Amino acid sequence: MKKLLVFLFCIYAISVAQSVNRIEPPFWWSNMKNTELQIMFYGENIGSFNPQLHYKGVKISKVVKSDNNNYLWVYVNISREAKPGNMTFLFNNHDTPIEINYELKERESKFVPAEINASDAVYLVTPDRFANGDKANDMVEPLLEGINRDKPFGRHGGDLKGIIEHLDYIKKMGFTAIWPMPVLQNNQRRFSYHGYSITDFYNIDLRYGGNDGYLEFVRQCHAKGLKVIQDVVFNQIGDNHWWMQDIPANNWFHTWRKFTNSNFTGEVIPDPNASIYDRKQMLAGWFDRMMPDMNQKNPELATYLIQHTIFWIEYAKLDGIRLDTYQYNYKEFMNIWVKRVQEEYPGFFIVGEVWLSEPSLIAYWKKGTNFHDGFSSELEAITDFPIQKAIEDVYGKDKDIRNLYRIVSQDFLYNNANTNLIFADNHDVTRLYTLVNGDMKKFKQVITLITTMRGIPQIYYGTEILMEGRHHGVLRADYPGGWEGDLRNAFTYEGRTDSENEAWNYIAKLFNWRKNKSVIHDGKLIHFIPHKNVYVYFRQNDDDCVMVVINKGNEAFTVTNRFDEILAKHSAGKEILSGREYSDLYNIKVESGNSAVIELR
């Protein structure tokens, strides 16, 4: 009889243990600065069990149960005396203990994220469309969508190995950081290629190479001197996320009587006159029918998302994070999130995507500003969509370059405009060469602006070879040469056209020059009111000075005494693109449609 009871107990224990289908985060580290850890256990009726833990230096501090009995959140406090090892949780139900092991790893003491600032230049990549380095992962069961390069919105097979194979190409252009669009699992039936419909927060998509492939990608980037920025999404998930099969709690997502989109109007958040109705729809409306909107007011979800970020920084040794759709999340939660990350990794780079076109609106989300409602953001770096919109107006709609000057003149709204991420195009807006209607002179003017203006410059993959496109499936097209059998290989000089090489060389020359030019990284910006569609500005510090002329006008520009407050301190200069020397600065002439970057001596 005794043997029978033991046998039955073992069978029961195994069946319950097997019912714990998910444990997230899957492991953690000792000696983290924040000693509290939330562990989410998911399994059939796990909420009916009471956990116990006997591990030196680690104690259960709180247990949270859900209205869904299949979830249980166990909070533990990991003291400084806790050593790495396997912690064993005992789950009791009617005095029947069930053992579940959880690994506490040793933290790598030497890991310090690299600083990302205005000395860097960021290369943005759509992983599925850059290069296919491993054809074996084009279709991986049980993931739903396989490769079909004929579909603009389908998966094309690019992966992390493909990016690794071309890191030298990226570095050769002068870039110091790489930002791939999201690479976490997107097991969606369609539109999974872009990465913004996450279905698993702790696993890199196997079609990109899985977790091991991601760790290798980061290692290879670091070995080449390239910093890595991870694209993080908190506003929504994909509707095929495993949560959607068994929702963790009634208030885990925003729910409506009938499907309701966000109004996509971020202005309502800082607007003192905005209605509660409009704010609610902005924050709680869904981004898309396939993208359930997460409710960060749920404390367990909020903690889950914070830990998810810290997990990936520690696990993959990341250097920075780009947070998608920043203003669509609750601002109070975002402040807590930034603080928690910065507490663990002081100075860690986080740039938030705030897609608004006026400096006054994005300044609301930037650290060091205080507004009518008492809100003060903790976010240091922000996407400079006002600059991007001004470029669109000036070069796409042929408006006067004063529109660009007007935006830059509002830098007083920012505590530090030099932490703004500046760009002309990205994965969501019209590609630069399409925007300028194939005008190489305009293209070069914009590149000159991006490389010499205050802020952190970002270039979208393929901009260097004049790739075109207005809509998502097209502007995220395959990079030619990234796939076996491509008709040409634009990663090589021989595989590019003359005009593509002209653009590539222009970008490479400017970015490689910029890389070691501290006056461009942190020098003071002094600009002059544009006359006749010519924008002139200087970057200067105690040791150096650079003059930038962007002549969008119809006449040649010639230096006059209007710039004496700067030029009077210098007697000569060198134009870095042409190599031309100037012994008389008042001899400087820039023809219509051209731009010049001149080092003053």
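None of these values were measured; they are calculated from a predicted model. (Residues numbered from 1 in each chain as written. Predicted model: local features only at pLDDT ≥ 70, side-chain atom pairs only at ≥ 80, totals over all residues. Heavy atoms only, no water.)

A. Structural detail: the overall build of the chain. Looking only at helices and strands, one finds 17 helices and 26 strands in the chain. Over its C-alpha trace the chain gives a radius of gyration of 27 Å, about what one expects of a compact globule, namely 25 Å for 601 residues. Once the C-alpha set of the chain is aligned to its principal axes, its extents read approximately 105 × 60 × 50 Å. The burial tally for the chain puts 61% of its 601 residues in the buried class. By element, 49% of the accessible surface of the chain is carried by carbon and sulfur atoms, the whole surface being about 24,700 Å². Positive and negative charge centroids in the chain, built from 68 and 75 side chains respectively, lie 2 Å apart. (Helix = DSSP H or I, 4+ residues; strand = E, 2+ residues; numbered from the N terminus. Rg over C-alpha atoms; globule rule 2.2 N^0.38 Å. Buried < 20%, exposed > 50% of the residue type's maximum accessible area, 1.4 Å probe, protein only. Areas by Shrake-Rupley, 256 points an atom, 1.4 Å probe, with all protein chains shown as cover. Lys, Arg positive; Asp, Glu negative; His and termini not counted. Charge placed at Lys NZ, Arg CZ, Asp CG, Glu CD.)

B. A look at the side chain of K317. Position of K317 among the secondary structure elements: in the loop between α7 (299-316) and β14 (320-323). Among the polar contacts listed, one links the side chain of K317 to the backbone oxygen of E314, at a separation of 2.5 Å. Dropping the residues within four chain positions of it, K317 is found in contact with E108, F111, V218, H222 and W312. (Polar contact = N/O pair within 3.5 Å; in protein donor to acceptor, adjacent residues only side chain to side chain. Contact = heavy atoms within 4.5 Å.)

C. Summary view of the pattern of salt bridges. Per the counting criterion, the structure on display carries 32 salt bridges. Across the pair R107 and E344 runs a salt bridge, and its minimum N-O distance is 3.2 Å. Of the two residues, R107 sits in the loop between β8 (96-105) and β9 (122-125) while E344 sits in helix α8 (residues 331-344), which places them 237 residues apart along the sequence. On the basis of relative accessible area, R107 is assigned to the buried category, the value being 18%. Residue D373 pairs with K331 through a salt bridge whose shortest N-O separation is 3.0 Å. You can see D373 sitting in the loop between α9 (359-363) and β16 (381-383) and its partner K331 sitting in helix α8, a full 42 residues away along the chain. With relative accessibility at 15%, the residue K331 sits in the buried group. One salt-bridge network, in which partners are shared between bridges, spans D231, R322, D324 and E353. (Salt bridge = Lys/Arg side-chain N within 4 Å of Asp/Glu carboxyl O.)

D. Representation of the environment of S79 within the structure. Looking at where S79 falls in the secondary structure, it is placed in the loop between β6 (71-78) and β7 (85-93). Remark: the alpha-carbon pair of S79 and G57, spanning 22 residues in sequence, is separated by 5.1 Å.

E. Spatial organisation of the nonpolar core. With 177 residues, the main nonpolar core has Y214, W243 and W337 as its most contacted residues. With 11 residues, α7 is the largest single contributor of residues to this core. For W243, the contacting residues outside a window of four places in its chain are M40, Y71, F201, I237, P248, W252, F253, M294, L301 and Y304. Counting 20 residues, the second-largest nonpolar core is a separate cluster that includes I526, V536, F538 and F563. (Core = buried A, V, L, I, M, F, W, Y, C linked by side-chain atoms within 4.5 Å.)

F. Examining unusual backbone geometry more closely. A cis amide bond, omega -5°, links E24 with the succeeding residue P25. Inspection of the secondary structure puts P25 in the loop between β1 (20-24) and β2 (28-29). The omega angle of the peptide bond from E141 to P142 is 5°, so this bond is cis rather than trans. Tracing the chain through its elements places P142 in the loop between α2 (127-130) and α3 (160-164). Phi at L466 is positive, roughly 65°, even though this residue is not glycine. Note on placement: L466 falls in the loop between β18 (456-460) and α14 (472-475). Of note, K532 is a non-glycine position whose phi angle comes to about 55°, a positive value. Within the secondary structure, K532 is located in the loop between β19 (524-531) and β20 (534-540).

G. Local environment of the environment of M547. With respect to the element layout, M547 can be found in strand β21 (residues 545-551). Apart from the residues within four sequence positions on either side, M547 is in contact with V536, Y537, F538, F557, V559, L567, I588, A596, V597, I598 and L600.

H. Looking closely at the sheet that holds strand β3 (residues 36-43). An order of β1-β3-β6-β5 is seen for the 4 strands of this open sheet, with the pairing classed as antiparallel. Looking at strand neighbours, the two that pair on one side only are β1 and β5 (58-65), the edges of this open sheet. On average, each strand axis in the sheet is inclined to that of its neighbour by 25°, with strand direction left out of account. Running at roughly 110° to β3, α7 makes contact with β1, β3, β5 and β6 of the sheet. (Pairing = 2+ DSSP bridges. Axes fitted to C-alpha atoms, helices over the stretch in contact; angles between N-to-C directions.)

I. Main features of the sheet that holds β19. Spatially, the 6 strands line up as an open sheet ordered β19-β20-β21-β26-β23-β24, and their pairing is antiparallel. Single-partner strands in this sheet number two, and they are β19 and β24 (581-582). Sheet topology note: the β20/β21 ladder contains 7 bridges and is antiparallel. Across the sheet, residue V536 finds its bridge partner in β21, namely V549.

J. Here's a closer look at the pairing of β19. With 6 bridges joining them, β19 and β20 adopt antiparallel strand pairing. Bridge pairing links F528 to V536 in β20.

K. Up close: the pairing of β6. Across the 8 residues of β6, 7 count as buried, placing the element largely inside the fold. Bridge analysis of β3 against β6 gives 7 bridges, and the strand direction is antiparallel. Bridge assignment links L37 to a residue of β6, and that residue is V76. Direction of pairing for β5 relative to β6: antiparallel, over a ladder of 7 bridges. Each bridged residue has a counterpart across the sheet, and for K59 the counterpart in β6 is N77. Linking β5 back to β6 in an antiparallel pair, the connection comprises 5 residues.

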